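Results of the structural survey
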Amino acid sequence: MSRSRNKFLFGGLIILAAVVYLIVSSTAAGAQFFFTVDELLADGPGAVGKPARVAGAVLGDTIVYDTETLTLSFTIVHTPGDTRLINDEGGLAAALDAAVADPTRNRLQVVYVGVKPDLLQHAAEAIVSGQIDESGVFHANELLLRCPTRYEEALPAQAQG
């Protein structure tokens, strides 16, 4: 009886170890840091090649789209990452307008291959996922946009902490 119980415990431990390994390995592989443009550029060479998600305001006059290669390039400008700072600037729309109008803020060149989203316009908030290369160009594999005129209402209550 004791021998069969030990086999059951040993088998259970192996299954438990396998489940823990799968959880830890999938969490580490999917980990992605969320940065502002300033934070990503401050990391310098340490950020090269690491998966990251960056948010910023789109500079409309930098949008270039090649319809043959589906290559989209544009520049995003640093916007505050803290909800309080965004509210201090008068809300999301005002913060995005202030970002694109301020030539002193850090900028990040983004390259994305895919269909050009309709919401990609001047002063829209872009959230890009991908990696920055050695030359400082961010190669996005995911592009999300938030147009301030469509979401003029305040930030979600849970984000205001």
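What this report covers is the structure whose coordinates are included nearby. (Residues numbered from 1 in each chain as written. Predicted model: local features only at pLDDT ≥ 70, side-chain atom pairs only at ≥ 80, totals over all residues. Heavy atoms only, no water.)

This part is about the overall build of the protein chain. Regarding its fold elements, the protein chain presents four helices and six strands. By the burial criterion, 34% of the 161 residues in the protein chain qualify as buried. Long-range contacts, defined as pairs at least 24 residues apart, comprise 62% of the intrachain contacts of the protein chain with a sequence gap of at least 6. When the accessible surface of the protein chain is totalled, it reaches about 10000 Å², and 59% of it is carbon and sulfur. (Helix = DSSP H or I, 4+ residues; strand = E, 2+ residues; numbered from the N terminus. Buried < 20%, exposed > 50% of the residue type's maximum accessible area, 1.4 Å probe, protein only. Contact = heavy atoms within 4.5 Å. Areas by Shrake-Rupley, 256 points an atom, 1.4 Å probe, with all protein chains shown as cover.)

On the surface, Leu13, Leu16, Val20 and Val24 cluster together into a nonpolar patch covering about 390 Å² of accessible area. Tracing the chain through its elements places Leu16 in helix 1 (residues 2-30). (Patch = residues over 30% accessible without salt bridge, like charges linked within 9 Å, V, L, I, M, F, W, Y side chains within 5 Å. Salt bridge = Lys/Arg side-chain N within 4 Å of Asp/Glu carboxyl O.)

Counting 21 residues, the largest nonpolar core has Leu40, Val54, Phe74, Ile76, Val128 and Phe138 as the members making the most contacts within it. Secondary structure elements with two or more residues in this core: helix 2 (37-43), strand 2 (52-66), strand 3 (71-77), strand 4 (107-113), strand 5 (125-132) and strand 6 (137-146). At four residues, the largest contribution of residues to this core is made by strand 6. Setting aside its immediate chain neighbours within four residues, Val128 contacts Ala52, Arg53, Val54, Phe74, Ile76, Val110, Phe138, Ala140, Glu142 and Leu143. The next biggest cluster of nonpolar side chains, apart from the first, holds ten residues, and it includes Leu59, Ile86, Leu92 and Leu96. (Core = buried A, V, L, I, M, F, W, Y, C linked by side-chain atoms within 4.5 Å.)

So, about the environment of Glu134. Here Glu134 is to be found in the loop between strand 5 and strand 6. Residues Glu134 and Ala47 lie 87 residues apart in sequence; the distance between their C-alpha atoms is 9.1 Å.

What follows is about the side chain of Arg105. Inspection of the secondary structure assignment puts Arg105 in the loop between helix 4 (92-101) and strand 4. Among the polar contacts listed, one links the side chain of Arg105 to the side chain of Asp102, at a separation of 3.3 Å. Leaving out residues up to four positions away in the same chain, Arg105 has contacts with Val77, His78, Thr79, Pro80, Glu89, Ala95, Ala98 and Ala99. (Polar contact = N/O pair within 3.5 Å; in protein donor to acceptor, adjacent residues only side chain to side chain.)

Further remarks concern helix 4. The complete set of buried residues in helix 4 reads Leu92, Ala93, Ala95, Leu96, Ala99 and Val100. Burial along helix 4 is one-sided: seen end-on, the buried residues are contained in an arc of 165°. Close packing links the buried residues of helix 4 with strand 2, strand 3, helix 3 (83-88), strand 5 and strand 6. (Arc of directions from axis to C-beta.)

Here we come to the pattern of salt bridges. All chains considered together, the criterion is met by four salt bridges. Where Asp102 meets Arg105, a salt bridge forms, and the shortest distance between an N and an O atom there is 3.3 Å. You can call Asp102 partly exposed: its relative accessible area is 23%. Arg105 sits in the buried class, given a relative accessible area of 17%. A salt bridge links Arg146 to Glu125, with the shortest nitrogen-to-oxygen separation between them at 2.6 Å.

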